[in-house]
Amino acid sequence: MTPAETNAAPDTQWPRWEVFKQDAEGKPHQAVGSVHAADAEHALLMARSVHARRPAAVSLWVAPADAVHAVTAEQLATDPETPAPFGAGARRFLVFRKTSHRRSMTFVEHVGAVTAAGPEGAVAAARETYPEPPALAWWVVPADRVTASPEAEVAAWFEPAGTKTYKQQSEYGTLAAGHRKGGRR
Amino acid sequence: MPPEAGRSVEDEERLEAFEARIAGGEKIEPGDWMPEAYRRQLVRMISQHAHSEIVGMLPEGAWITRAPSLRRKLILIAKVQDEAGHGQYLYHAAETLGVPREELIDALLEGRAKYSSVFNYPTLTWADVGMIGWLVDGAAIRNQLMLAQCSYGPYSRAMVRICAEETFHHKQGKEMVLLYARGSASQRAMAQDALERWWWPSLMMLGPHDSDSPNTPQLARWGIKTKTNDQVRREYVDEHVPELQGAGLTVPDPVLRFDEASGHWVHGTIDWGEFWRVVKGNGPVNAERLAARRSAHEEGRWVREAMAAYAARATGAAS
């Protein structure tokens, strides 16, 4: 059957999913990039291959990119958002923020959650709830759009990376020409 | 570069504020205002970089089945898998600038996109795998350490992550070549042969001479590149020449010399004619590389169709 007959999507990129990785228990989930995937389960598997090839990871979250409301401090300063009135449609949003220009592998990190009627309201609530340190960028994501890696799979998904020491640069130590002994084969 | 005539006073003010942010060491993030030329330059650089990671899997991937030991096979699989991941990090960074991933991949498959010239040379022996790790990844790391300082947040973050992983690529290659360089006569000859074929391409991959890099001043002003091609090339040469010589190998450049006054190595003239031939699609294996990418894409079509059908059914069932 051709894609037209099955009514399947054309051969094109899948939806984009933002990926958040937690390095250890007690550490926040941090935005590490995005993957394209057909559904949440596929996105988690892609995220594991792309973003957890090495230690350390204990959990991954994925959220459809279109569920992420992102706004920078510059945008808030030049074009303030108008939150929808807080009403019956209130839902829970996970809040992520970035607070430093320091060199980093990760972008915004999870700081908590707020309840609001819409994403603009969630940003306003986040700014009130988490005023310090000043954020350079905010992301708010409806909690029910975030899918976490399965608890039961933590060991199977993340522990093998720890045993693959041959892909750690520290395994090779300092390599110098002329060292006849001590180099690993 | 935006035409001066089309610029409004407001644009000028925004540009000034933007440049002040960069001068102050701030990172520009998706959503922040940026000049169109900044966005365009980044898309150009990041997409070429992403394609290079993807095509970069091919020269070494061909040797996975022929690795001489289990350890070397595991290392090579991990390295090739890393290159795939690096391509994904970079496509993501490009997407934050509003370019769909699909558009970038189509450009590569249709032969409209550029990627690093160095991947259009063939890998003829197993020693090439080691030499690519030591020299090609060594040169790439030099460039990427510079780009990790980039003013655009998503590109900088991808580079920081890639540099951490590529240090493994560099070290495993160097380890392998050092081993062969002190091995049997035929192992030494194999290492020397690989050096002779990869040395000049590794110098070329750091890009045209500064006098042929018209974009560099603007890229430097906007904190995209913090060093010129020739500066990065000099760092690469200074790092690698003493180590190659220390290993007992001969760098294939008869006029290569250490300049006491400047404290740097001075290499011979790069064959820029060859560089441009390869960049323009006429290198030793350009056509083969693209054919391999297209065939991988076509052979994966049934998987993509199955995934899409499964997702459509799951969504249908849920609604």
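Bear in mind that the values here come from a model prediction, so they are computed numbers and not experimental data.

(A) Quick look at the confidence of the model for chain A. Residues and elements named next belong to chain A. With 89% of its residues at a pLDDT of 70 or more, chain A has an overall mean of 89. In the model, residues 1–8 has pLDDT below 50 throughout and makes 4 contacts with residues more than four positions away in sequence or in other chains. Per-residue pLDDT stays below 50 along residues 179–185; that stretch engages in 7 contacts with residues further than four places along the chain or on separate chains.

(B) Spotlight on the interface of chain A and chain B. Taken together, the contact pairs 43 residues of chain A with 51 residues of chain B. At the boundary of chain A and chain B, one finds 6 salt bridges. With a closest N to O distance of 2.8 Å, Glu29(B) and Lys98(A) form a salt bridge. The interface formed by chain A and chain B contains 22 residue pairs in polar contact (both at pLDDT 80 or more). Among the elements of the structure, strand 1 (16–22), strand 2 (30–36), helix 2 (40–51) and helix 3 (73–78) of chain A are those that each provide at least two residues to the side of chain A that touches chain B.

(C) Focus on helix 2 of chain A. Residues and elements named next belong to chain A. Along its 12 residues, helix 2 runs 15 Å from first to last C-alpha, staying within 8% of the 16 Å computed at 1.5 Å per residue. For helix 2, the full list of buried residues reads Ala-40, His-42, Ala-43, Leu-44, Ala-47, Val-50 and His-51. Measuring from the backbone nitrogen of Glu-41 back to the side-chain oxygen at the start of helix 2 gives 3.3 Å, which picks out Asp-39 as the cap.

(D) Region of the structure containing unusual backbone geometry. All names here are of chain A. Put simply, Pro-55 and Ala-56 share a cis peptide bond, and its omega is 5°. Take Ala-56: it is sitting in the loop between helix 2 and strand 3 (59–64). Following Glu-132, the chain continues to Pro-133 via a peptide bond in cis, the omega torsion being -15°. For Pro-133, the position within the fold is in the loop between helix 4 (119–129) and strand 7 (137–142).

(E) Molecular detail of empty space enclosed by the protein. Scanning the entire structure with this criterion turns up 1 cavity of 30 Å³ or more. In this structure, the largest cavity encloses a volume near 40 Å³. The wall of the largest cavity is formed by Lys98(A), Arg102(A), Arg103(A), Ser104(A), Thr106(A), Lys27(B), Gly153(B), Ser156(B) and Arg157(B). Across the lining of the largest cavity, the residue classes break down as no nonpolar, 4 polar and 5 charged.

(F) Region of interest: the domain arrangement of chain A. All names here are of chain A. Once the domains are mapped, chain A shows domain 1 (11–65) and domain 2 (68–146). The partner domain 2 presents 12 residues to the 12 residues of domain 1 that form the contact. Between domain 1 and domain 2 the total buried area reaches about 1,100 Å² when both faces are included, carbon and sulfur atoms providing 66% of it. Counting across the interface, domain 1 meets domain 2 through 0 salt bridges. Summed over the shared surface of domain 1 and domain 2, the result is 5 residue pairs in polar contact (both at pLDDT 80 or more). Those elements that place two or more of their residues in the side of domain 1 that touches domain 2 are strand 1, strand 2 and strand 3.

(G) A look at the side chain of Gln41(B). Residues and elements named next belong to chain B. Position of Gln-41 relative to the elements: it lies in helix 2 (residues 36–55). Classification of Gln-41 by relative accessible area gives buried; the value is 11%. Polar contacts involving the side chain of Gln-41 include one to the side chain of Asn-215, which spans 3.2 Å. Residues contacting Gln-41, with those up to four places away along its chain left out, are Asn-215, Gln-218, Leu-219 and Ile-224.

About the thresholds
- Residues numbered from 1 in each chain as written.
- Chains lettered and ligands numbered in written order.
- Predicted model: local features only at pLDDT ≥ 70, side-chain atom pairs only at ≥ 80, totals over all residues.
- Heavy atoms only, no water.
- pLDDT = per-residue confidence, 0-100.
- Contact = heavy atoms within 4.5 Å.
- Salt bridge = Lys/Arg side-chain N within 4 Å of Asp/Glu carboxyl O.
- Polar contact = N/O pair within 3.5 Å; in protein donor to acceptor, adjacent residues only side chain to side chain.
- Helix = DSSP H or I, 4+ residues; strand = E, 2+ residues; numbered from the N terminus.
- Expected span 1.5 Å × (residues − 1).
- Buried < 20%, exposed > 50% of the residue type's maximum accessible area, 1.4 Å probe, protein only.
- 1 Å grid on protein atoms, 1.4 Å probe; cavity = no way out; pocket = protein on both sides within 12 Å on 5 of 7 lines; lining within 4 Å.
- Points joined across faces, edges and corners; volume = space filled by probe spheres on them.
- Nonpolar A, V, L, I, M, F, W, Y, C, P; charged D, E, K, R; others polar.
- Domains from an automatic or database assignment.
- Buried area = accessible area lost by both parts, 1.4 Å probe.

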